[in-house]
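Structure at a glance
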Amino acid sequence: MRSTLVRFFHTLSSFTRTAPRRNSYSLRPHPIPLRASMPIIPSFLASLFGTSAAMSSSQSYPDQRGPDEWRAVLNKEQFRILREKGTEPPGSGKFDKHYPSAGVYTCAGCHAPLYKASHKFSSGCGWPAYFDSIPGAVSRHEDRLYGMIRTEIVCSNCGGHLGHVFKGEGFPTPTDERHCVNSVSLNFSPDDEPVKKVDDGKEDGEKNKESKV
Ligand SMILES: [Zn+2]
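The rules we used
- Residues numbered from 1 in each chain as written.
- Predicted model: local features only at pLDDT ≥ 70, side-chain atom pairs only at ≥ 80, totals over all residues.
- Heavy atoms only, no water.
- UniProt positions renumbered as here; feature names shortened; annotations may be inferred.
- Helix = DSSP H or I, 4+ residues; strand = E, 2+ residues; numbered from the N terminus.
- Buried < 20%, exposed > 50% of the residue type's maximum accessible area, 1.4 Å probe, protein only.
- Contact = heavy atoms within 4.5 Å.
- Areas by Shrake-Rupley, 256 points an atom, 1.4 Å probe, with all protein chains shown as cover.
- pLDDT = per-residue confidence, 0-100.
- Polar contact = N/O pair within 3.5 Å; in protein donor to acceptor, adjacent residues only side chain to side chain.

- Per an unreviewed UniProt entry, the protein chain goes by Peptide-methionine (R)-S-oxide reductase and derives from Triangularia verruculosa.
- Checking UniProt for the protein chain, the heading Catalytic activity (unreviewed entry) contains the comment "L-methionyl-[protein] + [thioredoxin]-disulfide + H2O = L-methionyl-(R)-S-oxide-[protein] + [thioredoxin]-dithiol".
- The record held by UniProt for the protein chain lists under Sequence similarities (unreviewed entry) the comment "Belongs to the MsrB Met sulfoxide reductase family."

A short note on the overall build of the protein chain
- Across its full length, the protein chain holds five helices and nine strands.
- Secondary structure elements in the protein chain, listed N-terminal to C-terminal, are α-α-α-α-α-β-β-β-β-β-β-β-β-β.
- Taken across its 213 residues, the protein chain has 35% of its residues classed as buried.
- Taking contacts inside the protein chain between residues at least 6 apart in sequence as the whole, the part at least 24 apart equals 54%.
- Accessible surface computed for the protein chain: about 14000 Å², of which carbon and sulfur atoms make up 57%.

Remarks on the confidence of the model for the protein chain
- Overall, the prediction assigns the protein chain a mean pLDDT of 75, with 62% of residues at 70 or greater.
- Confidence over residues 1–57 falls short of pLDDT 50; this stretch has 24 contacts with residues more than four positions distant or in other chains.
- A low-confidence stretch, residues 194–213 (pLDDT under 50), is modelled with 11 contacts involving residues beyond four sequence positions or located in other chains.

Describing the environment of Ala-108
- Checked against the element boundaries, Ala-108 lands in the loop between strand 1 (104–107) and strand 2 (113–116).
- Of the residues examined, Ala-108 reaches a relative accessible area of 6% and is grouped as buried.
- When the C-alpha atoms of Ala-108 and Val-73 are compared, they prove to be 9.9 Å apart, with 35 residues separating the residues in sequence.
- Leaving out residues up to four positions away in the same chain, Ala-108 has contacts with Leu-74, Gln-78, Leu-82, Val-184, Ser-185, Leu-186 and Asn-187.

Examining the environment of Pro-100
- Assignment of secondary structure puts Pro-100 in the loop between helix 5 (76–83) and strand 1.
- With 18 residues separating them in the primary sequence, Pro-100 and Ser-118 have C-alpha atoms 8.3 Å apart.
- Excluding residues that lie within four positions of it along the chain, Pro-100 makes contacts with Tyr-105, Ala-117 and Phe-188.

What to know about the side chain of Ser-183
- Within the secondary structure, Ser-183 is located in the loop between strand 8 (177–181) and strand 9 (186–189).
- Side-chain polar atoms of Ser-183 contact the backbone nitrogen of Lys-94, separated by 3.4 Å.
- Once you skip the residues sitting within four places of it in the chain, Ser-183 turns out to touch Glu-88, Gly-93, Lys-94, Phe-95, Asp-96 and Pro-128.

Points about helix 5
- Within helix 5, the full set of buried residues consists of Gln-78, Phe-79, Ile-81 and Leu-82.
- Residues of helix 5 that are buried sit in contact with helix 4 (67–73) and strand 7 (161–167).
- Sitting at the amino-terminal end of helix 5 is Asn-75, which places a side-chain oxygen 3.1 Å from the backbone nitrogen of Glu-77.
- Positioned one or two residues after helix 5, Lys-85 has a phi angle of 60°, which is positive.

Quick look at the structure:
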């Protein structure tokens, strides 16, 4: 980059013929142009641009309960997973093979609605899988534990750990994303209204427009 710059100034100066002989002047170090540092985006910038990408779990969430308050309302396994970023064994969760036609999955900690039944799909991975969430309900940030770079997902309301999101695995879903969520982090409410926008092509008969009855 520097040499390109130098050459540029050389060319420029010889073209305009205004350069003094003492070239050393024009070779003074120039401040590195901003563009040169673009590939390395400081994390504070990343946090501005990437949803809540760089948010750490200690960041402020609307539900500010502390560890003791969480212990009072969560069982041990819920606390381990939601508040200590644990993982349930694959295939063990009660929602792993749970495919209701309607309803909403809520945060087991704070009860915020997170996923609709229509977001769920069968991934075969051993944990509940969703291709999307209720808008704004789930926040993401980088997880560098265990020498891997993964994207952790947490409840946007209480910061409770849900699992991780993986992209580009080739699942035939609208987003090609897989929210891999611990069942322990979730509750299910079957009473909620059926989802309106179902674009997965199946059950065409049932997705009539729910025109107000
Ligand atoms: Zn929550």
